[in-house]
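# Close look at the chain arrangement
Single-letter residue listing:
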Amino acid sequence: MRLLAVHPGCLMYSKIYLRLEPLGLELVAAAARRAGHEVELIDLQVETEADYFRLLDRWQPDAVAFSLNYLANVPEVLDLAKATRERRPGCFIFAGGHSGSFTAQRAPPPRRGRARLRAAREGEASIVLLLEAAGHDRRALEQVPGAVTLDGEGPPPIFVQHLDDLLPARDLLRHRRKYYIGQLDPCASIEFSRGCPWDCTFCSAWTFYGRSYRTKTPERAVEEIEQIREPGLFILDDVAFIQAEHGMAIGEAIARKGIRKQYWLETRADVLLRNKEVFQLWSRIGLKIMFIGIEAIDEEGLKKFRKRVSSVKNFEALEFARNMGINVAINIIADPDWDRERFRVIREWCLEIPEIVNVSVNTPYPGTETWATEGRKLATRDYRLFDIQHAVLPTKLPLPEFYAELVRTQQVLNRKHLGAKQLWGTATTVARLLARGQTNFLKMLFKFNSVYDPKLQMADHARPRPLRDLAATGGAGQGRPDRALRPQEPGPSRPSDRQCHRAVRRGHAHGSGRLAASGRCGR
């Protein structure tokens, strides 16, 4: 069969800070190709819908797989699925991914034009079975592990047994130089492990993987690194180097082989402090930036998110990273209950520390404990707003004031790191990147005010809700904005849904994406 794998557009925060290659989608594509299927891949983060339809008409695939890593992409994917059905009536259309996995069972029955199947968990383990059923006997689709069809559900999802068996089809991407994160421009992505043993309330990694934790052998990890051309490498593990021996073995092998790259990873404060020698080694072989999900600055907030680490340990970890010469980016979760005073305290605290600080909005996602406990309180079910930059729970402040305080806080932090003095300090970096033809980082420096604007965020709430969303959520008032979130004054609108989507910190920063027939759809 001919399979076209499609990654949807960027979310709002991705318009500025990062654009990551769809690694999960590449892994699913590779699994299908190894089984003898022809595969093409298009990433709408860097290409347009017009590009997609041209490819669809020219190549005429037998099957189209849409990535549904992020909830905010659901409306976009439904639009594309409908348009695809109109152009290719006999084409088998399906969707998967992290959010696709958790919403498959609660989604409305597909109407004409919609994707006929949604899938759960790791797509590499089931994509071949899915395509075989689609090509020979579609009645057998409900026998594919993890599949959810019009007629029922398949057996429980299955997981990949050995991560060493996976190697992404990186060659399928046509614009690899467009992927970056901060100064790592261009930047590829890689994973050394899957799973997370912690159970933070806002995260679905532990429910997605069923508390399992698997690692790639150091030999296989280094072999894959050697094949990557990009000088920057983002390690996608939910928590890097949980097992000290594993991280040390990979780092030592990189050092022995003389591989020269720059790395960005994510970890926890307690893991950093427990495995200091591992991170010291990585700082010597190219680790430049580390993301630590602090989430809250006090014990009350940490307890709410069930971080299982104290604020004292968090600050100790930040100091240790500074002493290694590693730049640290941290995340703080803005709760809808915050008032002006709380925003002020956060701004002052963030200005007192040298670290890069990102502020995201507490957003319940399917698969998280927060979704189970806060889901009934949602002020909207417009999935377009579930991008951790919009408030979907009722706010203590009037919504326009909440956004004004949120953006004011983000502007202060933006000026802290991207102000005139700081920009002068990046001149050498910008010149080096421009000499190699890389402009992603430079463009990032000037985009903030065009993306983060309280009036634009309010206008997003006022966009008419598509009928499909109302059917999916049981909402009332066809085509109307949510009454509780209707802006108090008119404001500018974003150019279009498509452009709006071109803009989660991991699932919060990067999401733990999975596609197709059991889902790995690509971070």
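Residues numbered from 1 in each chain as written. Predicted model: local features only at pLDDT ≥ 70, side-chain atom pairs only at ≥ 80, totals over all residues. Heavy atoms only, no water.

Let us now look at the sheet that holds strand β15 (residues 287-295). Strand order in the open sheet formed by 6 strands is β10-β13-β14-β15-β16-β17, and the pairing between neighbours is parallel. Two strands close off the open sheet at either side, each with one partner strand: β10 (187-190) and β17 (356-361). Taking the axes of each pair of neighbouring strands and ignoring which way they run, one obtains an average angle of 20° across the sheet. Here 5 bridges tie strand β14 (residues 262-267) to β15, and the two strands are oriented parallel to one another. Its bridge partner being in β15, Y263 is matched across the sheet by L287. (Pairing = 2+ DSSP bridges. Helix = DSSP H or I, 4+ residues; strand = E, 2+ residues; numbered from the N terminus. Axes fitted to C-alpha atoms, helices over the stretch in contact; angles between N-to-C directions.)

Before going further, it helps to examine the packing of helix α7 (residues 218-227) against helix α8 (residues 244-257). For the pair α7 and α8, interaxial distance at closest approach is 9 Å and the crossing angle is 45°. Between α7 and α8, the crossing angle belongs to the class labelled oblique. Regarding α7 and α8, the two cross each other, and that crossing is right-handed. Counting all contacts with α7, which are made through P218, A221, V222, I225 and E226, the residues of α8 involved are H246, A249, I250, A253, I254 and K257. For the contact of α7 with α8, the per-class residue count stands at 8 nonpolar, 1 polar and 2 charged. (Parallel < 35°, antiparallel > 145°, perpendicular 65-115°, else oblique. Left-handed = near helix turned anticlockwise from the far one by under 90°. Contact = heavy atoms within 4.5 Å. Nonpolar A, V, L, I, M, F, W, Y, C, P; charged D, E, K, R; others polar.)

Taking 1.5 Å per residue, 12 residues should reach 16 Å; helix α1 (residues 23-34) reaches 16 Å between its end C-alpha atoms and fits that length. Every buried residue of α1 is accounted for by L23, G24, L25, E26, L27, V28, A29, A30, A31 and A32. Considering only its buried residues, α1 is in contact with β1 (2-7), β3 (38-43), β4 (63-67), α5 (127-136), β10 and β11 (193-194). Once α1 ends, the next one or two residues include G36, with phi positive near 100°. (Expected span 1.5 Å × (residues − 1). Buried < 20%, exposed > 50% of the residue type's maximum accessible area, 1.4 Å probe, protein only.)

With the rule as written, the count across this model stands at 28 salt bridges. In this structure, R2 and E38 form a salt bridge, with 3.7 Å as the shortest nitrogen-oxygen distance. Highlighted residues: R2 in strand β1 and E38 in strand β3, separated in sequence by 36 residues. Taking the relative accessible area as the measure of exposure, E38 reaches 43% and is therefore partly exposed. The closest approach of N and O atoms between D51 and R54, which form a salt bridge, is 2.4 Å. Here R54 and D51 lie together in helix α2 (residues 49-59), a separation of 3 residues that amounts to about one turn. A residue is classified by how much of its surface remains accessible, and D51, at 22% relative accessible area, is partly exposed. One salt-bridge network, held together by shared partners, links E21, E26, R170, R176, K216, E224 and E230. (Salt bridge = Lys/Arg side-chain N within 4 Å of Asp/Glu carboxyl O.)

Further remarks concern the side chain of E230. Note on placement: E230 falls in the loop between α7 and β13 (232-235). Relative accessible area serves as the criterion here: at 6%, E230 is assigned to the buried category. Among the polar contacts made by the side chain of E230, one reaches the side chain of R176 at a distance of 2.7 Å. When near neighbours in sequence (up to four residues on either side) are disregarded, E230 contacts R176, P186, C187, A188 and K261. (Polar contact = N/O pair within 3.5 Å; in protein donor to acceptor, adjacent residues only side chain to side chain.)

Attention now goes to the packing of α2 against helix α3 (residues 74-87). The interhelical angle for the contact between α2 and α3, taken along N-to-C directions, is 30°, at an axis separation of 11 Å. As judged from the angle between their axes, α2 and α3 are roughly parallel. Crossing hand, α2 versus α3: right-handed. Here α2 contributes E49, Y52, F53, L56 and D57 to the contact with α3, which in turn contributes L80, A83, T84 and R87. Considered class by class, the residues forming the contact of α2 with α3 number 5 nonpolar, 1 polar and 3 charged.

The end-to-end C-alpha separation of α3 is 20 Å, in line with the 20 Å expected for 14 residues at 1.5 Å each. Within α3, 10 of the 14 residues are buried, which leaves it mostly tucked inside the rest of the structure. When α3 is considered as a whole, its buried residues turn out to be V74, P75, E76, V77, L78, L80, A81, A83, T84 and R85.

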